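# Understanding the architecture of this molecule
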Amino acid sequence: MSNILSKFAAEILFKYHQRAKLSMETTLVLLKPSCVQRQLIGEITSRFERRGLRIAGMKMMQLTDQILREHYAHLVERPFFPALAASMKASPVVAMAICGVEAVQVVRAMTGFTNGRAADPGTIRGDYAMSNQQNIVHASDSVENAAIELARFFKPEEIFDYKSALQGFIYSIDEC
Ligand code: UDP
Ligand code: MG
């Protein structure tokens, strides 16, 4: 009997430990010129809000070659980089800091594959994009990169740590 009880206690402790590991994260989203020009700012923002994610920061800005060379450092040597940079400067973008439990991978999954033609229906790119380049949104791909990218686009005081009044209905008590 005591064996069963201690196994039960160990299971509860394990589950508690697993739950305690859930992390509240903030990720960077850019609504690209392909989104701004097609007048989809409201529609795409609304998808994140409807999912239960919290908008912690939001601003319109004109990107420059300097910030694009940093942001797309992994692509600077690729032949398509000049076209990519031009597409990202074609109008202002909207930068968003989006917050939620495991937000980095949740937002990335909502974004879908890079090429809109290959992206699954139901994802943002799968619902709104037909291009490998003009693909509506950028989303950070890891927690480490999210921190770097948020610092690139936002001053600390532009990201707001307010509590969502709906938090208790978006998450269970042990999730946040
Ligand atoms: N891109 C492009 N041609 C390619 C691959 C990427 O123009 O063959 C552009 C596209 O706009 C993409 C961005 O470069 O969103 C960044 O590429 P990455 O591989 O990081 O894809 P993402 O993380 O945006 O899915
Ligand atoms: Mg990327």
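All values reported here derive from a predicted model rather than from experimental measurement.

This part takes up helix 6 (residues 103-111). For helix 6, the full list of buried residues reads Ala-103, Val-104, Val-107, Met-110 and Thr-111. On an axial view of helix 6, the arc spanned by its buried residues comes to 135°, and they lie on one face. On its buried side, helix 6 packs onto strand 1 (24-31), helix 3 (41-51), strand 3 (93-101), helix 7 (124-128), strand 4 (137-139) and helix 8 (143-153). Where helix 6 ends, the next residue or the one after it, Gly-112, has phi of about 90°, a positive value.

This next bit is on the site of ligand 1. Every residue close to ligand 1 is listed here: Leu-75, Phe-80, Leu-84, Thr-114, Asn-132, Gln-133, Asn-135, His-138 and Asp-141. Its residues placed into classes, the shell around ligand 1 shows three nonpolar, five polar and one charged.

Here four strands make up an open sheet; going across it, the order is 2-3-1-4 and the pairing antiparallel. Two strands close off the open sheet at either side, each with one partner strand: strand 2 (54-61) and strand 4. Geometrically, the sheet is characterised by an average inter-axis angle of 20° between neighbouring strands, direction not taken into account. Its contacts with the sheet put helix 8 on strand 1 and strand 3, and the angle it makes with strand 1 is roughly 55°.

Here we take up the pairing of strand 3. For strand 3, the buried fraction is high: seven of the nine residues fall into the buried class. As judged from the eight bridges shared by strand 1 and strand 3, these two strands associate in the antiparallel manner. Note on strand 3: the bridge partner recorded for Leu-30 is Ala-95. Two elements, strand 2 and strand 3, share seven bridges in a ladder whose sense is antiparallel.

Quick notes on the rules
Residues numbered from 1 in each chain as written. Chains lettered and ligands numbered in written order. Predicted model: local features only at pLDDT ≥ 70, side-chain atom pairs only at ≥ 80, totals over all residues. Buried ≥ 20, exposed ≤ 12 C-beta atoms within 10 Å, placed from the backbone. Helix = DSSP H or I, 4+ residues; strand = E, 2+ residues; numbered from the N terminus. Arc of directions from axis to C-beta. Contact = placed C-beta atoms within 7 Å. Near = placed C-beta within 6 Å. Nonpolar A, V, L, I, M, F, W, Y, C, P; charged D, E, K, R; others polar. Pairing = 2+ DSSP bridges. Axes fitted to C-alpha atoms, helices over the stretch in contact; angles between N-to-C directions.

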